[in-house]
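Chains, contacts and geometry: an overview
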Amino acid sequence: MAVAPVKSAKSVKAGESVKSSKLSKSGRLGRSAEPGGASGFSKSVASLRVRRPGRLVAEGVALLVAVVVAFPLYWMVLSAFKPAGEVQSSHPRPWTLSPSLDSFRRVFTQQDFGRYFLNSLVVAGSVVLLSALIAFLAATAVTRFRFKFRTTLLIMFLVAQMVPVEALTIPLFFLMRDLGQLNTLGSLILPHLAFSLPFAIWMLRGFVRGVPVALEEAAALDGASRTRFLWQILFPLVFPGLVATSVFSFISAWNDFLFAKSFIISDTSQSTLPMALLVFFKPDENDWGGIMAASTVMTVPVLLFFVLVQRRLVSGVGGAVK
């Protein structure tokens, strides 16, 4: 039976010293050959130090812009809660120590204020629903189908956005008169629907184009009709775009004053909420507290609508940019 040779203590120590020297050399070589080692780390730290002042300046500018944009909204809400003496003061302060609800009481006790609020909801809601439906169908048609003058039609959508609303108010007045729509909510719904459709169609066209044609062909192979593909497959995919266009349509219809003043002449029961502000503009002295309170009440539905659709709105705007 063979006996394994026994190593001496000196040979063991010599082997360990050789291994440790090799490890130390390899470690030094690895650190020196490693890309982005100590020198790379110092360079990255230096670059961060160089970029940091610029980033701070950008954040400061963004904060300043946000303050400038939000300050009018803050002042409106603050003035709505201020007592009459502080609102009319020649030395206004950006705060109040005695908030009051008197301005809101005057607004809600105004005659037919609830009626005006309901009319505004009907007009804005009708414009949003009708524009979303028509724009979805029209965007699908100009994207999926090839027909004559398709490019001309798309260019006309853009040209329609360039025409000022004020230039079309008088022709629209005569058109509404001939249609028998003066002093009705229809005279407010139809013009806003016409002005919101070009923007909505052009924006939704990008979403419909983003849906591959192969998906429609696969649905057809599975037995889905064109109508089923339109409402069960295509509609959910472009829904974020519909939300983005709905926000634009809702805000333009909700804040409208020009058409309401021009087309609602004698029947004040058909007036909308912006017309209610005229009550607080008096010949001798304007009720600025009531004006600010009514404006605050008008802003609440817009904020609620935005909060409800904000997630879809972000994805919708991103899809439109793509």
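The rules behind the values
Residues numbered from 1 in each chain as written. Predicted model: local features only at pLDDT ≥ 70, side-chain atom pairs only at ≥ 80, totals over all residues. Heavy atoms only, no water. Helix = DSSP H or I, 4+ residues; strand = E, 2+ residues; numbered from the N terminus. Buried < 20%, exposed > 50% of the residue type's maximum accessible area, 1.4 Å probe, protein only. Areas by Shrake-Rupley, 256 points an atom, 1.4 Å probe, with all protein chains shown as cover. Phe/Tyr/Trp six-rings, centres within 6.5 Å; stacked < 30°, edge-to-face > 60°. Salt bridge = Lys/Arg side-chain N within 4 Å of Asp/Glu carboxyl O. Core = buried A, V, L, I, M, F, W, Y, C linked by side-chain atoms within 4.5 Å. Contact = heavy atoms within 4.5 Å. pLDDT = per-residue confidence, 0-100. Patch = residues over 30% accessible without salt bridge, like charges linked within 9 Å, V, L, I, M, F, W, Y side chains within 5 Å. Axes fitted to C-alpha atoms, helices over the stretch in contact; angles between N-to-C directions. Left-handed = near helix turned anticlockwise from the far one by under 90°. Nonpolar A, V, L, I, M, F, W, Y, C, P; charged D, E, K, R; others polar.

Okay, the overall build of the protein chain next. A count of helical and extended segments in the protein chain gives 14 helices and 0 strands. Out of the 322 residues belonging to the protein chain, those deemed buried represent 32%. Taken as a whole, the protein chain presents about 20,500 Å² of accessible surface, with 69% of it coming from carbon and sulfur.

What follows concerns the packing of aromatic side chains. The tally for this structure, following the rule as stated, stands at 17 aromatic pairs. Note on F71 and Y74: the rings are 6.3 Å apart at their centroids and 45 degrees apart in plane angle, and the pair reads as tilted. Note that F71 and Y74 are positioned in helix α2 (residues 38–81) at a spacing of 3 residues, about one turn of the helix. Assessed through its relative accessible area of 42%, F71 is described here as partly exposed. Between the aromatic rings of F250 and W254, the centroid separation amounts to 5.7 Å while the plane-to-plane angle is 10 degrees, which identifies the pairing as stacked. One end of the pair is F250 and the other is W254, both in helix α11 (residues 239–254) and 4 residues apart, which spans about a single turn.

Another aspect to go through is the pattern of salt bridges. Counted according to the given criterion, the structure contains 7 salt bridges. The residue R93 makes a salt bridge to E86 at a minimum N-O spacing of 3.7 Å. Residue classification places R93 among the partly exposed positions, given a relative accessible area of 33%. As a salt-bridge pair, E216 and R226 come within 3.2 Å of each other at their nearest N and O atoms. A residue pair is termed long-range when its members are at least 10 positions apart, and E216 in helix α9 (residues 213–221) and R226 in helix α10 (residues 226–237) qualify at 10 residues. Via salt bridges that share partners, R144, E216 and R226 belong to a single interconnected network.

Right, let's get into the environment of V247. By the element assignment, V247 lies in helix α11. What makes V247 buried here is its relative accessible area of 11%. Placed 58 residues apart in sequence, V247 and F305 show a C-alpha to C-alpha distance of 7.8 Å.

Now for the nonpolar core. With 34 residues, the main nonpolar core has V123, L188, W254 and L273 as its most contacted residues. Where this core is concerned, the elements lending two or more residues are α4 (102–108), α5 (113–144), α7 (165–179), α8 (186–210), α11, α12 (258–263), α13 (273–276) and α14 (288–321). Non-local contacts of L273, meaning those with residues more than four positions away in its chain, are made with F113, Y116, F117, S120, W254 and M298. One finds V142, F157, L197 and L230 within the second-largest nonpolar core, a separate group that totals 22 residues.

For the rest of this paragraph, the subject is the confidence of the model for the protein chain. With 80% of its residues at a pLDDT of at least 70, the protein chain reaches an overall mean of 79. Of all secondary-structure elements in the protein chain, the lowest mean pLDDT belongs to helix α1 (residues 9–33), at 45, while α5 reaches the highest, 91. Here residues 316–322 scores under 50 on pLDDT; set against residues more than four positions off or in separate chains, the count is 10 contacts.

Structurally, H192 can be placed in helix α8. The buried category is assigned to H192, whose relative accessible area is 7%. Residues in contact with H192, not counting those within four places in the same chain, are V127, S252, A253, D256 and F259.

We now examine a nonpolar patch on the surface. Taken together, the side chains of L130, L133, I134, L137 and W231 make up a nonpolar region of the molecular surface, amounting to roughly 410 Å² of accessible area. Here the nonpolar patch takes 4 residues from α5, the largest share from any one element. Turning to its location among the elements, L137 is positioned in helix α5.

So, on to the packing of α5 against α11. Their axes nearest at 9 Å, the elements α5 and α11 cross at an angle of 145 degrees. α11 is crossed by α5, and the crossing has right-handed handedness. Where α5 approaches α11, its residues F117, S120, L121, V123, A124, V127, V128, S131, A132 and F136 are matched on the opposing element by L242, S246, S249, F250, A253 and W254. Split by residue class, the contact of α5 with α11 holds 12 nonpolar, 4 polar and no charged.

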